[in-house]
Amino acid sequence: MILNIIGTWLAAGLTIAIFSFLYKDNPLYKFAEHLYVGVSAGFGVIYVWAFDLKPMLIDRFVSEHGVERWILLVPAILGILMLTRWTEKFAYISRLPIAFTVGIGAGLGITGSVQGFLLPQMQATLLPLTTINNVILVIGVVTTILYFYFSHEFKGASNIILRVAIVFIMVSFGASFGYTVMARISLLIGRVFFLLSDWLHII
Amino acid sequence: MKFWDRLGAIDRRIIYTVIGLAVIIPLVTKLTFPIRVSDTVRSAYHSIERLPAGSIVMISIDYDAASGPELQPMLIAVLRHCFKKDIKVILTGQWALGLPLGEIALNQVAAEYNKKYGVDYINIGYRPGYTALIVGIGRELRDFFSTDYKRVPIDSFAFMRRVHNYNDINLLVGLEAGATGDAWVLYAGARFGLKMFFGATGVSAPDLYPYLQAKQIEGILAGLQGAAEYETLVNEKGTGTLGMPTQSVVHGLIIIFIILGNLSYFVLRKKQK
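Quick caveat, the model's predicted, so the values are computed rather than measured.

Asks: Describe the environment of Thr180 of chain A, naming the residues involved and giving the relevant values.
Replies: Relative to the helices and strands, Thr180 of chain A is located in helix α7 (residues 159-199). Taking the C-alpha atoms as reference points, Thr180 of chain A and Ile80 of chain A, 100 residues apart in sequence, are found 40 Å from one another. Contacts of Thr180 of chain A, omitting those with residues within four sequence positions, involve Gly202 and Val203 of chain B.

Asks: Lay out the side chain of Ser67 of chain B in plain terms, naming residues and giving numbers.
Replies: Checked against the element boundaries, Ser67 of chain B lands in the loop between β1 (56-62) and α4 (68-84). Those residues in contact with Ser67 of chain B that lie beyond four places of it in its chain are Leu187 of chain A together with Ala177 and Thr201 of chain B.

Asks: So what about a nonpolar patch on the surface? Which residues, and what values?
Replies: On the surface, Met1, Ile2, Leu3, Ile5, Ile6 and Trp9 of chain A cluster together into a nonpolar patch covering about 760 Å² of accessible area. Positionally, Trp9 of chain A belongs in helix α1 (residues 2-19).

Asks: Tell me about the sheet that holds strand β5 (residues 196-200) of chain B, and please be specific about residues and values.
Replies: In a beta sheet, neighbouring strands pair by backbone hydrogen bonds and run either parallel or antiparallel. All names here are of chain B. Within the open sheet, the 6 strands sit side by side as β3-β2-β1-β4-β5-β6. Their pairing is parallel. Each having just a single partner strand, β3 (121-126) and β6 (220-222) make up the two edges of the open sheet. Adjacent strand axes in the sheet meet at a mean angle of 15 degrees when their direction is disregarded. Pairing between strand β4 (residues 171-176) and β5: 5 bridges, direction parallel. Of the residues in β5, the one forming a bridge with Leu175 is Gly199.

Asks: Go over the interface of chain A and chain B with me, naming the residues and quoting the values.
Replies: Contact with chain A, which involves 41 residues of that partner, is made by 53 residues of chain B. Roughly 4,000 Å² is buried in total at the junction of chain A and chain B, and carbon and sulfur atoms are behind 70% of that figure. Joining chain A to chain B, the criterion identifies 0 salt bridges. Where chain A touches chain B, the interface holds 10 residue pairs in polar contact (both at pLDDT 80 or more). Mapped onto the side of chain A that touches chain B, the elements with two or more residues apiece are α2 (27-63), α5 (95-125) and α7 of chain A. Sorting elements by how many residues they give to the side of chain A that touches chain B places α7 of chain A first, with 16 residues. Looking at the side of chain A that touches chain B residue by residue, the classes come out as 26 nonpolar, 12 polar and 3 charged.

Asks: Please give an account of the domain arrangement of chain B that cites residues and values.
Replies: The domain boundaries assigned to chain B delineate domain 1 (2-22 + 246-272) and domain 2 (39-243). Placing the centre of domain 1 of chain B and that of domain 2 of chain B at their C-alpha centroids yields a distance of 40 Å.

Asks: For the confidence of the model for chain B, give the residues involved together with the corresponding values.
Replies: Of the residues in chain B, 100% have a pLDDT of 70 or more, and the chain-wide mean is 94. The complex prediction reports pTM at 0.90, with the ipTM value standing at 0.88.

Asks: Please set out the environment of Ser63 of chain A residue by residue, giving values where relevant.
Replies: The topology assignment puts Ser63 of chain A in helix α2. Taking the relative accessible area as the measure of exposure, Ser63 of chain A reaches 45% and is therefore partly exposed.

Asks: Before we move on, can you summarise the nonpolar core with the specific residues and values?
Replies: Residues and elements named next belong to chain B. In terms of nonpolar packing, the biggest core is built from 45 residues, with Ile59 and Tyr230 touching the most fellow members. For this core, the element with the highest residue contribution is α4, accounting for 9 residues. Apart from the residues lying within four places of it in its own chain, the contact partners of Ile59 are Leu75, Val78, Leu79, Val89, Ile90, Leu91, Thr92, Val173 and Leu175. Ile134, Ile169, Trp184 and Tyr211 belong to the second largest nonpolar core, which has 39 residues in total.

Asks: Kindly report on the pairing of β3 of chain B, identifying the contributing residues and their values.
Replies: All names here are of chain B. Counting buried residues in β3 gives 6 out of 6 residues, a clear majority hidden from the surface. Where strand β2 (residues 88-93) and β3 come together, 5 bridges link them in parallel fashion. Paired with Gly93 across the strands is Tyr126, a residue of β3. A crossover links β2 with its parallel partner β3, the connecting element being helix α5 (residues 99-112), and its sense is right-handed.

About the criteria used
- Residues numbered from 1 in each chain as written.
- Chains lettered and ligands numbered in written order.
- Predicted model: local features only at pLDDT ≥ 70, side-chain atom pairs only at ≥ 80, totals over all residues.
- Heavy atoms only, no water.
- Helix = DSSP H or I, 4+ residues; strand = E, 2+ residues; numbered from the N terminus.
- Contact = heavy atoms within 4.5 Å.
- Patch = residues over 30% accessible without salt bridge, like charges linked within 9 Å, V, L, I, M, F, W, Y side chains within 5 Å.
- Areas by Shrake-Rupley, 256 points an atom, 1.4 Å probe, with all protein chains shown as cover.
- Salt bridge = Lys/Arg side-chain N within 4 Å of Asp/Glu carboxyl O.
- Pairing = 2+ DSSP bridges.
- Axes fitted to C-alpha atoms, helices over the stretch in contact; angles between N-to-C directions.
- Buried area = accessible area lost by both parts, 1.4 Å probe.
- Polar contact = N/O pair within 3.5 Å; in protein donor to acceptor, adjacent residues only side chain to side chain.
- Nonpolar A, V, L, I, M, F, W, Y, C, P; charged D, E, K, R; others polar.
- Domains from an automatic or database assignment.
- pLDDT = per-residue confidence, 0-100.
- Buried < 20%, exposed > 50% of the residue type's maximum accessible area, 1.4 Å probe, protein only.
- Core = buried A, V, L, I, M, F, W, Y, C linked by side-chain atoms within 4.5 Å.
- Right-handed = clockwise from strand over helix to strand, strands pointing away.

Here is the structure:
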């Protein structure tokens, strides 16, 4: 109970310290900002040890037998070699684990992108032009893709394709920006709700 | 003309103060507005509503405290829906810093519905690996999650003994603050056919609509509004519903500021000509 109260007051104090930046930069804001970065980093380190290194490497090395045990040395060594990036003399060794990681990422990324994004999106764009929504969607997709086709210069009458594409792109930017504004206001509402409800008990 | 000059150069701290008051006053006066439920949220709701009792829903916490105000209300509303329908919940996450938030919500809502850990829900925690993990679970969950959040073997829980991969999970609910939703769609959805819907922050939501249009996901809960709409469908008011009147008032105020700012700009430009 007492820990809850201390935690609430600490959170409220740090929230107000961060908000003080709206007036002007000050040491209280800087302290809160640095504290957040430090605590997040520390939490991340503990999490990696407690949920990754210890259970998946160390505990499994102790409990497994035969090939399943010794194969764990491969990712362990690759992980250690990654740290050589910090040294100037041996930094070239880190290319090995980086290449391994990039290779996995590329392999998964290519298959995933084709199977999960390219083909389904193409399929979803092949719509019958029988409703106004479908017509707008197909025109939007085709003109936007053509807008980013730089191997041909659109001149004269074909320039209208680019103008239509710009309208669609601007509308999508506007929608994204509107969503972003909504998101930021929601975060403010959340923080103010915490201050008024959990801290001051006004609501 | 001095008026238009001043209007275009209002001290930003005055604007901050007005916005602050616009947030505080509706919250304190408990203003209420009706909430209209959108098709995207209704579709997400029905993807859980049509599941029979005993089905398994996996919820992935892919956010941290910075996005908590938007996504935590969604998590609570979805958990209430699942527990109302006696659906088993597996909580996991791709963002390590978000798991404690998931645990808080899980314990809070489970207590409301007298649900028991290990019988009705489980928290299998976080493992790094991201894409490799999402693909790996498609083969066998225990390759990554042999124990739960508290280091208890997951096979000691009766309902988890029948869960091996995505074939045994009826639905995924991803709560997204970044691009993790793309990985769920690309790998768990496209490769293994897992059905899913997402709750996303307002910033991430626009990127997910192409998946909805292509029917790769069942629905989207976008921002605090999405949370409020889901709470309306589940008939349990929460922070989402409480925040909507404030959101509407502030949005109206921002529109007024934009109009006034633009008016000032055009009047001054005309004056200069």
